[in-house]
Amino acid sequence: MMKRLALLIPLAALILAFFALGLHHHLTLEAFHASHDRFDAWYAQEPLLVIGGYVAVFAVITLFLPIAALMTVIGGALFGFWKGVLIASFAAALGGTLAFWLSRFVLHDIVQRHFGERLAAVNAGVAKDGAFYLFSMRLVPVIPFFMINMVMGLTPMRTLTFYWVTQLGMLAGILVYVTAGTQLAEVEHLSDILSPGLLGSLVLLGLFPLLAKKALGLIRRRLGPAA
């Protein structure tokens, strides 16, 4: 147990330094609005460095701050639509997988204590619907990114399955946020992005895989052994 907790020391030091240096004040849409031209200049001069830095910050910072949506909007503003979708998609999947590993191998007891009640329902969902269950949760952006990562880390799901389902399942939400990022001047708050109609569409989209799986199971039962 102590060896596992010792792995948290570098992460804890990073978190303390992050807040001590006041870097969290820069993680707002207002702060990025003010620095947009500067980031554009950095990207024009050192594109690979900026892309690598963005992916690293996204992957690490979403371990302890619920700002995946904000980072995706910033990705759209920095890289444009197609590059933003590609880069933010891989950054989100990498960040989710790091949190998944952290939950599974280091924070198991802590996550179990805080999310134990929800874990039973999640385990039942994974046992019944497998990757479809995670895919449905990823499609609905109102479910916190970090909560899904932490809880899924305590399920029997394989890491590779978690990774590709996360990347595919978050694609719809990433498309929405990256599009908003490309029009950053018109976005003052994250709540401006998800209208009730759009949110309802994403919820329905999230239910579709489970409904399709149930329909497929019903068809197979009707057809019998020949199916």
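Located above this text is the structure these notes cover.
The structure displayed is predicted, hence computed values, not measured ones.

**Q** Where do I start with the overall build of the protein chain in this structure?
**A** In terms of regular secondary structure, the protein chain is built from twelve helices and zero strands. Along its sequence from the N terminus, the protein chain presents helices and strands in the succession α-α-α-α-α-α-α-α-α-α-α-α. In the protein chain, buried positions account for 43% of the 227 residues. In the protein chain, once contacts between residues fewer than 6 apart in sequence are set aside, the share between residues at least 24 apart is 82%. Accessible surface, the protein chain as shown: approximately 12500 Å² in total, 71% of it carbon and sulfur.

**Q** Just checking my understanding: could you explain the packing of aromatic side chains for this structure?
**A** Across all of its chains, the model carries six aromatic pairs by this definition. Geometrically, the ring pair formed by Y43 and F79 is edge-to-face, given 5.2 Å between the ring centres and 75° between the ring planes. Here F79 lies in helix α5 (residues 68-79) and Y43 lies in helix α3 (residues 29-45), a separation of 36 residues in the sequence. Accessibility assignment for this pair places Y43 and F79 in one class, buried. Seen from their ring centres, F100 and F162 are 4.2 Å apart, and the 20° between their planes marks the pair as stacked. Of this pair, F100 sits in helix α6 (residues 81-105) while F162 sits in helix α10 (residues 159-169); the two residues are 62 residues apart in sequence, bridging distant segments of the chain. Accessibility expressed as a relative area gives 0% for F162, which makes it buried. Ring-pair connections join several aromatic residues into one group, and the members of that group are Y43, Y54, F58 and F79.

**Q** Could you clarify how one ought to interpret the packing of helix α4 (residues 47-61) against α5 in this entry?
**A** Relative orientation and spacing of two packed helices are given, respectively, by the angle between their axes and the distance between those axes. Where α4 meets α5, the axes come as close as 11 Å, and the angle between the chain directions of the two elements is 170°. Between α4 and α5, the interaxial angle falls into the category roughly antiparallel. Listed contacts from α5 to V50, I51, Y54, V57 and F58 of α4 are A68, M71, T72, I74, G75, L78 and F79. For the contact of α4 with α5, the per-class residue count stands at ten nonpolar, two polar and no charged.

**Q** How do you make sense of the side chain of T166 when you look at a structure like this?
**A** Structurally, T166 can be placed in helix α10. Only 2.7 Å separates the side chain of T166 from the backbone oxygen of F162, close enough to count as a polar contact. Setting aside chain neighbours within four positions, we find T166 in contact with A93, L134 and R138.

**Q** Sorry if this is basic, but what is going on with the packing of α6 against helix α11 (residues 171-182) here?
**A** Contact geometry of α6 with α11 gives a least axis separation of 9 Å together with a crossing angle of 135°. Classed by the angle they form, the pair α6 and α11 counts as oblique. Crossing of α6 against α11: the hand is right-handed. Counted together, F81, G84, V85, A88, S89 and A92 of α6 and L171, I174, L175, V178, T179 and T182 of α11 form the full contact between these two elements.

**Q** Explain the side chain of T72 to me, please; I cannot follow it from the model alone.
**A** In this fold, T72 is placed in helix α5. For T72, the residues in contact, after removing those within four places along its chain, are Y54, F58, A88, I174, Y177 and V178.

**Q** Before we go on, may I ask you to explain a nonpolar patch on the surface in this structure?
**A** Taken together, L160, W164, L168, L171 and L175 make up a surface patch of nonpolar side chains, about 460 Å² in accessible area. When contributions to the nonpolar patch are tallied by element, the ones reaching two or more residues are α10 and α11. Note on placement: L175 falls in helix α11. We classify L175 as partly exposed; its relative accessible area is 33%.

**Q** Would you take a moment to explain helix α9 (residues 145-152) for this structure?
**A** Two residues of an α-helix separated by three or four positions point the same way, owing to the 3.6 residues in each turn. In terms of burial, α9 is largely enclosed, as seven of its eight residues are buried. Within the sequence span of α9, burial applies to F145, M147, I148, N149, M150, V151 and M152.

**Q** What am I meant to see in the nonpolar core here?
**A** Side chains of a nonpolar character, in soluble globular proteins, are inclined to be buried together. Within the largest apolar cluster, 24 residues are counted, with the highest numbers of intra-cluster contacts made by Y54, F58, I74, F79 and I174. Among the secondary structure elements, those contributing two or more residues to this core are α3, α4, α5, α6 and α11. Here this core gets seven residues from one element, more than from any other, and that element is α5. Those residues in contact with F79 that lie beyond four places of it in its chain are Y43, V50, I51, Y54, G84 and I87. If you look at the next biggest cluster of nonpolar residues, it comprises 20 residues, including V126, M147, M150 and L154.

Criteria and thresholds
- Residues numbered from 1 in each chain as written.
- Predicted model: local features only at pLDDT ≥ 70, side-chain atom pairs only at ≥ 80, totals over all residues.
- Heavy atoms only, no water.
- Helix = DSSP H or I, 4+ residues; strand = E, 2+ residues; numbered from the N terminus.
- Buried < 20%, exposed > 50% of the residue type's maximum accessible area, 1.4 Å probe, protein only.
- Contact = heavy atoms within 4.5 Å.
- Areas by Shrake-Rupley, 256 points an atom, 1.4 Å probe, with all protein chains shown as cover.
- Phe/Tyr/Trp six-rings, centres within 6.5 Å; stacked < 30°, edge-to-face > 60°.
- Axes fitted to C-alpha atoms, helices over the stretch in contact; angles between N-to-C directions.
- Parallel < 35°, antiparallel > 145°, perpendicular 65-115°, else oblique.
- Nonpolar A, V, L, I, M, F, W, Y, C, P; charged D, E, K, R; others polar.
- Polar contact = N/O pair within 3.5 Å; in protein donor to acceptor, adjacent residues only side chain to side chain.
- Left-handed = near helix turned anticlockwise from the far one by under 90°.
- Patch = residues over 30% accessible without salt bridge, like charges linked within 9 Å, V, L, I, M, F, W, Y side chains within 5 Å.
- Salt bridge = Lys/Arg side-chain N within 4 Å of Asp/Glu carboxyl O.
- Core = buried A, V, L, I, M, F, W, Y, C linked by side-chain atoms within 4.5 Å.

Without other data, these values stay purely geometric and don't point to any function.
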